[in-house]
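Overview (structure and organization)
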Amino acid sequence: MEIAAWGHPYSEFPEGADGPREFAAAFERMRAAGIGIYIPFVMSHGQHYFESELLGPPSRDLLAACMEAGREVGLEVHPITGLGAVSAVAAAEGEGDGMYDPGPECADLPGWARNWPCAAWTENRQTITQVARDMIRDYEPDGLALDYLRYPNTAVLD
């Protein structure tokens, strides 16, 4: 059995301390703790941290350093991708078509949930599939964590 840990490299590795050397040092500590798989969130808060034809240039390419360090240390890297993350990028760019609409009875729903792409829309599924293909083609990760066909956390929907 492999132990996996999620991570947020955009906050764990601040700009200037986000190269392969810093990732490798952190990954060595993870390996020493028995972790074999790192699942980085490389899209968050309206930003993406990897090259993508579809999404355009990243604010920082953290996935490249992450992949290089993972190979060096022997830690598998499985970036996570999902509709929620893509929605944050779309919302930051002022897009809104195809977004989740829970109806007027959920007027107090948080903004992040209202900006979530609807998983029922073919276009949204195709978008996240293309983002995953970009990651596979450009970074050759050990795996992908696909958190892509669900709706916002139902705990907030009463």
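On a predicted model such as this, the values are computed, not experimentally measured, just so you know.

1. Some points on the confidence of the model for the protein chain
- Confidence along the protein chain averages 83 in pLDDT terms, with 74% of residues attaining 70 or more.
- Within the protein chain, no element has a lower average pLDDT than helix α4 (residues 83-92), which sits at 56, and none a higher one than strand β5 (residues 76-77), at 98.

2. Details of the pattern of salt bridges
- One pass over the structure, following the stated rule, counts five salt bridges.
- Here D18 makes a salt bridge to R60, at a shortest N to O gap of 2.6 Å. Of this pair, D18 sits in the loop between α1 (9-12) and α2 (20-32) while R60 sits in the loop between β4 (47-48) and α3 (62-73), and the two are 42 residues apart along the sequence. The two residues D18 and R60 agree in class, both being buried.
- Note that R137 is salt-bridged to E53, the shortest N-O span being 3.5 Å. Residue R137 is found in helix α6 (residues 122-139), and its partner E53 is found in the loop between β4 and α3; the two are separated by 84 residues along the sequence.
- We classify E53 as exposed; its relative accessible area is 66%.
- Via salt bridges that share partners, E53, D134, R137 and D138 belong to a single interconnected network.

3. Focus on the pairing of strand β2 (residues 35-40)
- For β2, the buried fraction is high: six of the six residues fall into the buried class.
- For strand β1 (residues 3-7) and β2, the ladder comprises five bridges, and the chain directions are parallel. Bridge pairing in β2 places G7 opposite P40.
- Of the pairings in the sheet, the one linking β2 to β5 comprises two bridges and is parallel in character. Looking across to β5, one finds that Y38 is bridged to V77.

4. Notes on the packing of aromatic side chains
- Counted according to the given criterion, the structure contains five aromatic pairs.
- Between W6 and F41 the ring centres are 5.2 Å apart and the planes differ by 80 degrees, which places this aromatic pair in the edge-to-face class. Taken together, the residues W6 in strand β1 and F41 in the loop between β2 and β3 (43-44) connect sequence positions 35 residues apart.
- Overall, W6 belongs to the exposed group, its relative accessible area being 60%.
- Relative to F23, the ring of F13 has its centre 3.9 Å away and its plane inclined at 20 degrees; by these criteria the two rings are stacked. Of this pair, F13 sits in the loop between α1 and α2 while F23 sits in helix α2, and the two are ten residues apart along the sequence.

5. With respect to the packing of α2 against α3
- Here α2 crosses α3 at 50 degrees, and the two axes come no closer than 8 Å. Here α2 lies oblique to α3, going by the angle between them. Remark: the crossing between α2 and α3 carries right-handed chirality. Of the residues in α3, those in contact with P20, F23, A24, F27, E28 and R31 of α2 are L62, A65, C66, E68, A69, G70, E72 and V73.
- Its residues assigned to classes, the contact of α2 with α3 comprises nine nonpolar, one polar and four charged.

6. Focus: the sheet that holds β2
- Taken together, three strands build an open sheet; the order of strands is β1-β2-β5 and the sheet is parallel. The sheet is open, and its two borders are formed by β1 and β5, each paired with just one other strand.

Quick notes on the rules
- Residues numbered from 1 in each chain as written.
- Predicted model: local features only at pLDDT ≥ 70, side-chain atom pairs only at ≥ 80, totals over all residues.
- Heavy atoms only, no water.
- pLDDT = per-residue confidence, 0-100.
- Helix = DSSP H or I, 4+ residues; strand = E, 2+ residues; numbered from the N terminus.
- Salt bridge = Lys/Arg side-chain N within 4 Å of Asp/Glu carboxyl O.
- Buried < 20%, exposed > 50% of the residue type's maximum accessible area, 1.4 Å probe, protein only.
- Pairing = 2+ DSSP bridges.
- Phe/Tyr/Trp six-rings, centres within 6.5 Å; stacked < 30°, edge-to-face > 60°.
- Axes fitted to C-alpha atoms, helices over the stretch in contact; angles between N-to-C directions.
- Parallel < 35°, antiparallel > 145°, perpendicular 65-115°, else oblique.
- Left-handed = near helix turned anticlockwise from the far one by under 90°.
- Contact = heavy atoms within 4.5 Å.
- Nonpolar A, V, L, I, M, F, W, Y, C, P; charged D, E, K, R; others polar.

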